[in-house]
Amino acid sequence: MSAAYPMMGNAPLTATGGRVADASNSFFADGPVVLPSGGPLYLQLKRWIEDAIHSGAVNPGDALPSERDLATKVDVSRVTVRKAVLQLVKDGVLVQRHGSGTFVAPITQRVEQSLSQLTSFTEDMARRGMAVRAEWLDRGLYIPSPEETVILGLSSGEQAARISRLRLTGETPLAIERASLSSHVLPDPASIGDSLYKHLDKFGNRPVRAIQRIRAANLGAEDAALLHVPEGSAGLNIERTSYLASGRVIEFTRSIYRGDTYDFVAELRLGDPAGAKP
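A brief structural summary. Along each chain, the written sequence defines residue order, and numbers are assigned to residues from 1. For a predicted model such as this one, the threshold for reporting local features is a pLDDT of at least 70, and the threshold for listing and counting side-chain atom pairs is 80 or more; totals across whole chains, interfaces and linings nevertheless cover every residue. The side-chain numbers reported here are obtained from all heavy atoms of the structure, hydrogens and water having been left aside.

This part is about the packing of helix H2 (residues 67-74) against helix H3 (residues 78-90). Where H2 meets H3, the axes come as close as 9 Å, and the angle between the chain directions of the two elements is 110°. By the angle class used here, H2 and H3 are roughly perpendicular. Side by side, H2 and H3 meet where Glu67, Arg68, Leu70 and Ala71 of the first sit next to Arg78, Val81 and Arg82 of the second. Considered class by class, the residues forming the contact of H2 with H3 number 3 nonpolar, no polar and 4 charged. Fitted lines through C-alpha atoms give the axes, limited to the stretch in contact for helices. The angle between two N-to-C directions lies from 0 to 180 degrees. Helix and strand assignments come from DSSP, with helices taken as H or I runs of at least 4 residues and strands as E runs of at least 2, each series counted from the N terminus. Each angle gets one of four labels, with under 35 degrees taken as roughly parallel, over 145 as roughly antiparallel, 65 to 115 as roughly perpendicular, and the rest as oblique. Contacts were defined at the residue level, with two residues in contact if any of their heavy atoms lie within 4.5 Å. Note on residue classes: Ala, Val, Leu, Ile, Met, Phe, Trp, Tyr, Cys and Pro are nonpolar, Asp, Glu, Lys and Arg are charged, and everything else, Gly too, is polar.

Here it is in structure tokens:
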């Protein structure tokens, strides 16, 4: 296997010195294997593993046997095992950790976010009783790109303040946020605490409205690694342009959300029939 998809192996040590549950000691070690019929052999093996997970015979966090041991157990080739496992990794059923092995993916709590309210990520998660934190990826002042100059209305010689954060709940990454603002609005990006909007509010620069554009995307290698999902996984790209009451653009943000953790919800109302009088 390539470095991006390490071979399955023994369960790793936990922080307390114990070992992650190894499924090869239970379900995968019991009795003969009868694969579901129909379709290519690797898909039969894939369905067999999925059935074991859905039935509870194998649990989230359990480690799979090595590729060689699983091939011997099921009496198929290692190529067949590899194809089945890679498909399950792509589907998010299994996760592979470099140097550790292959594990049943943890159950990820989905988050609903309203599209009808302008709130910060921190405020939105707090309303749901979810503890979130941020890992800074970058924050500083830069020569603006042509796009930043136009969108933010920057004058000649003005810098762009950029902040990039990885948003997590517990140890689960949810989103990557990359925001740009005028250096006049944010002269010291390092001074931001846990919420950009809270920081802007201190100086009377909190946005009052925003326009968001959402599109589906497959995650590239760098973003997928940060979000702990396989390259090519489904994601949501969101561009937000935020405005002050005066109409001035205050913030331009590009965010990438994991497709398996977020549901965006919008309330729709029936419009007035054409030609109807008030």
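Among the 10 residues of strand S9 (residues 249-258), 9 are classified as buried, and the element is accordingly described as predominantly covered. Each pair of strands is called paired provided DSSP finds at least two bridges between the two strands. Where strand S6 (residues 172-182) and S9 come together, 6 bridges link them in antiparallel fashion. Bridged to Ile176 within S9 is Ile256. Adjacent in sequence and paired antiparallel, strand S8 (residues 234-243) and S9 are bridged by 5 residues, among which Gly247 carries a positive phi angle near 95°. Here the term buried applies to any residue with accessible area under 20% of the maximum for its type, exposed to any over 50%, and partly exposed to those in between, with areas from a 1.4 Å probe on protein chains only.

Taken in spatial order, the 6 strands line up as S4-S5-S6-S9-S8-S7 in an open sheet, and their pairing is antiparallel. Across the chains shown, the open sheet's two edge strands, defined by having one partner strand only, are strand S4 (133-142) and strand S7 (209-218). Taking each pair of neighbouring strands and ignoring which way they run, the sheet shows an average axis angle of 15°. As judged from the 9 bridges shared by S4 and strand S5 (residues 160-169), these two strands associate in the antiparallel manner. The residue of S5 that forms the bridge with Arg133 is Leu168.

Attention shifts here to the side chain of Ser242. As for its placement among the helices and strands, Ser242 is situated in strand S8. Aside from chain neighbours lying at most four places away, what touches Ser242 is Tyr197, Pro207, Arg209, Ala210, Arg248, Val249, Ile250 and Glu251.

Tracing the backbone shows Leu226 in helix H7 (residues 221-226). Judged by its relative accessible area of 23%, Leu226 falls in the partly exposed class. Sequence separation of Leu226 and Leu166 is 60 residues, and the distance between their C-alpha atoms is 7.6 Å. In contact with Leu226, not counting residues within four places along its chain, are Leu137, Leu166, Pro173, Ile176 and Arg178.

With respect to the helices, strands and loops of the structure, Tyr257 is situated in strand S9. Tyr257 gets classed as buried once you look at its relative accessible area, which sits at 5%. Residues Tyr257 and Leu236, 21 residues apart in the sequence, show an inter-C-alpha distance of 5.0 Å.

All right, on to the nonpolar core then. One finds Leu45, Trp48, Ile49, Leu70, Val74, Val81 and Leu94 to be the most contacted residues of the largest nonpolar core, which totals 20 residues. Elements with a contribution of two residues or more to this core: helix H1 (41-54), H2 and H3. With near-sequence residues (within four places) excluded, Leu45 lies in contact with Leu35, Val74, Val76, Thr80, Val81 and Ala84. In this description, a nonpolar core means a group of buried Ala, Val, Leu, Ile, Met, Phe, Trp, Tyr and Cys residues linked to one another through side-chain atoms lying within 4.5 Å. Within the second largest apolar cluster, 12 residues are counted, among which are Ala179, Val185, Ile192 and Leu200.

Here we take up the packing of aromatic side chains. For Phe, Tyr and Trp, where Trp contributes only its six-membered ring, two rings pair if their centres lie within 6.5 Å, and the inter-plane angle classes them as stacked under 30 degrees, edge-to-face over 60, or tilted in between. Applying the stated criterion across every chain yields a total of 0 aromatic pairs. By definition, being over a ring means that NZ of Lys or CZ of Arg is both within 6 Å of the ring centre and within 35 degrees of the ring normal. It is Lys83 that lies over the ring of Tyr42; its NZ or CZ is 4.3 Å from the centre.

We now examine unusual backbone geometry. Although it is not a glycine, Asp75 adopts a positive phi angle of roughly 65°. Along the polypeptide, Asp75 turns up in the loop between H2 and H3. Accessibility expressed as a relative area gives 69% for Asp75, which makes it exposed. In this model, His228 sits at a positive phi of 60°, which is unusual for a non-glycine residue. In this structure, His228 sits in the loop between H7 and S8. Overall, the relative accessible area of 53% leaves His228 in the exposed class.

In this analysis a 1.4 Å probe is tested at points of a 1 Å grid over the protein atoms alone, and where it fits but cannot get out there is a cavity; an open set with protein on both sides within 12 Å along at least five of seven lines is a pocket; lining residues have an atom within 4 Å of a point. Grid points are joined across faces, edges and corners, and a volume is the space filled by probe spheres set on the points. The volume enclosed by the second largest pocket comes to roughly 190 Å³. Breaking the lining of the second largest pocket down by element, the ones donating at least two residues are helix H5 (146-152), S5, S6 and S9. Residues of the lining of the second largest pocket, tallied by class, amount to 3 nonpolar, 3 polar and 6 charged.

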